[in-house]
Number of protein chains: 2
Amino acid sequence: MRPTIYLFGDSITEQSFLQAAWGASLANLYCRRADVVLRGYGGYNTRWALRVLNKGKVFPPPQSSGGAPLAVTVFFGANDAALPDSFNAGVHVPLEEYKQNLRSIVAIFKERWPTTSVIFITPPPIDEAARLLDPDNKLGVVERTNKVAGQYAKACVAVAADCGIPSIDLWSKMQQSPGWQKAFLSDGLHLTPAGNTIVFEEVVRKFEEAGLKPEMLPLDLPLCNDLVPPNDALEVLDKFS
Amino acid sequence: MRPTIYLFGDSITEQSFLQAAWGASLANLYCRRADVVLRGYGGYNTRWALRVLNKGKVFPPPQSSGGAPLAVTVFFGANDAALPDSFNAGVHVPLEEYKQNLRSIVAIFKERWPTTSVIFITPPPIDEAARLLDPDNKLGVVERTNKVAGQYAKACVAVAADCGIPSIDLWSKMQQSPGWQKAFLSDGLHLTPAGNTIVFEEVVRKFEEAGLKPEMLPLDLPLCNDLVPPNDALEVLDKFS
């Protein structure tokens, strides 16, 4: 049976199968090797994520038939970093708690699945001008700033280093390209197709560094070319394991 | 835990997470309700599909922790219908055997998972002019014809009716639109974005008729709006089941 790759995160993960977004691109890349399974929850922060993990929700029990997943991406922080005095204060988590929550999430995954690659993705940068156009923003004051998102991104990278796991510093990576605000972000926070491509390419790179290059993983059934004459298809299928 | 929807078929299924293809669109539609899991095998026909099912491959054992899937789409026939005297003869399956194989596949699923919706999708129509451009076609003779694909499509619909399960007659549906050859098929066989949209919309319609409208399925965690003040997020999360 195929192994699993989980995508765990907030709305940027939940929307990762929309159009040609990064989750769908991963599912396509691993289409004969692994199941890319979506666990994205719009608006969620690390406090809520940790709570549901602690209560045994979201993921199957450790001893379930599927075995340990190959990898889990953990992509939270955009909501934690919402400003505590804004209209979106309900999703805010203080920076120190965010760091502690990320540490706890890693500890849960590492205890549950010692062989699984856990990869952090930082929140993306924020285009504040675009956020002011959010129809929910009736006060006309930004509810997220790029500076604060950067503090959470930096914290995310630091926790990953402390825990000895890889991280993708999306906040820094995107800002290396001039015009990142419109090129990569559709509403100042969520991803355009080009923004999705960056996340996809960075995740693929980290998966490869973790030994999860698709070509290195077994196929779950033979390729068609190995089933046509002069091969005996049914014999090849029966022997394949 | 979320239930599963399996997409079982040949290359048109295997490629269903490429760009905004029909599988990715389904995964996005069901993103908080069900896992859309890819079981597409390029070049496979019903003989090979049946063989691997009979050997207990492809799907988890019936008693595994995940439970019965909500639905399985069965999308074979494009390879079975390859002409037996063409360069692609190795994937051909005679029409009568195709029908019997489809019946056997339904019987296996219905015995294994009595509650699961099994939905057939017929092969698409063939644009023979485009097939002649296939670089593997060194003889310059078509290896699939629209007429023969239509015979397999008709058989697929008939077997579904016999078995009392729904089917999507993609072969007929696509040909209702003038210019279907280039509008829906990228190489005379596989799907363009517009072709993917047709498959997606037809599958969604059949899922809805089977009582699987996304809104009718439970969420696996509360929506963000139910977690922000005046609600107590952790209390709501703990009570949610």
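Structure shown above.
Residues numbered from 1 in each chain as written. Chains lettered and ligands numbered in written order. Predicted model: local features only at pLDDT ≥ 70, side-chain atom pairs only at ≥ 80, totals over all residues. Heavy atoms only, no water.

Q: Can you help me understand the nonpolar core in this one?
A: Side chains of a nonpolar character, in soluble globular proteins, are inclined to be buried together. Within the largest apolar cluster, 66 residues are counted, with the highest numbers of intra-cluster contacts made by A:Trp22, A:Leu26, B:Trp22 and B:Leu26. Leaving out residues up to four positions away in the same chain, B:Trp22 has contacts with B:Leu7, B:Ile12, B:Thr13, B:Ser16, B:Thr73, B:Phe75, B:Ile121, B:Leu191, B:Asn196, B:Val199, B:Phe200 and B:Val203. (Core = buried A, V, L, I, M, F, W, Y, C linked by side-chain atoms within 4.5 Å. Buried < 20%, exposed > 50% of the residue type's maximum accessible area, 1.4 Å probe, protein only. Contact = heavy atoms within 4.5 Å.)

Q: Help me understand the sheet that holds strand β5 (residues 167-168) of chain A, please; the structure alone is not making it clear to me.
A: Note: strands within a sheet are paired through backbone hydrogen bonds, in either parallel or antiparallel orientation. Residues and elements named next belong to chain A. As summarised here, the arrangement of the five strands in space is β2-β1-β3-β4-β5, forming an open sheet in which the pairing is parallel. Unpaired on one side and paired on the other, β2 (35-40) and β5 mark the two borders of the sheet. Alignment of strand β3 (residues 71-75) against strand β4 (residues 117-121), held across four bridges, turns out to be parallel. Each residue of the ladder has a partner; that of Val74, found in β4, is Phe120. (Pairing = 2+ DSSP bridges. Helix = DSSP H or I, 4+ residues; strand = E, 2+ residues; numbered from the N terminus.)

Q: Sorry if this is basic, but what is going on with the sheet that holds strand β5 (residues 167-168) of chain B here?
A: Residue and element names in this part refer to chain B. Pairing within the open sheet is parallel, and its five strands lie in the order β2-β1-β3-β4-β5. Strands at the two margins of the open sheet, each flanked by one partner only, are β2 (35-40) and β5. Sheet topology note: the strand β4 (residues 117-121)/β5 ladder contains two bridges and is parallel. Note that in β5 the partner of Phe120 across the bridge is Ser167.

Q: I keep staring at the pattern of salt bridges and nothing clicks. Help me out?
A: Two side chains that carry opposite charge are able to pair once their charged atoms sit near each other. Residues and elements named next belong to chain A. Enumeration over the complete set of coordinates arrives at 36 salt bridges over all chains. Ionic pairing is found between Asp187 and Arg131, a salt bridge with its closest N-O pair at 3.5 Å. Highlighted residues: Asp187 in the loop between α8 (180-184) and α9 (193-209) and Arg131 in helix α5 (residues 128-131), separated in sequence by 56 residues. The partner of Glu209 in a salt bridge is Lys206, and the shortest N-O contact between them spans 3.8 Å. Taken together, the positions of Glu209 and Lys206, both in helix α9 and three residues apart, correspond to about one turn of that helix. Several salt bridges share partner residues, and in doing so they unite Arg131, Asp134, Glu143, Arg144 and Asp187 into one network. (Salt bridge = Lys/Arg side-chain N within 4 Å of Asp/Glu carboxyl O.)

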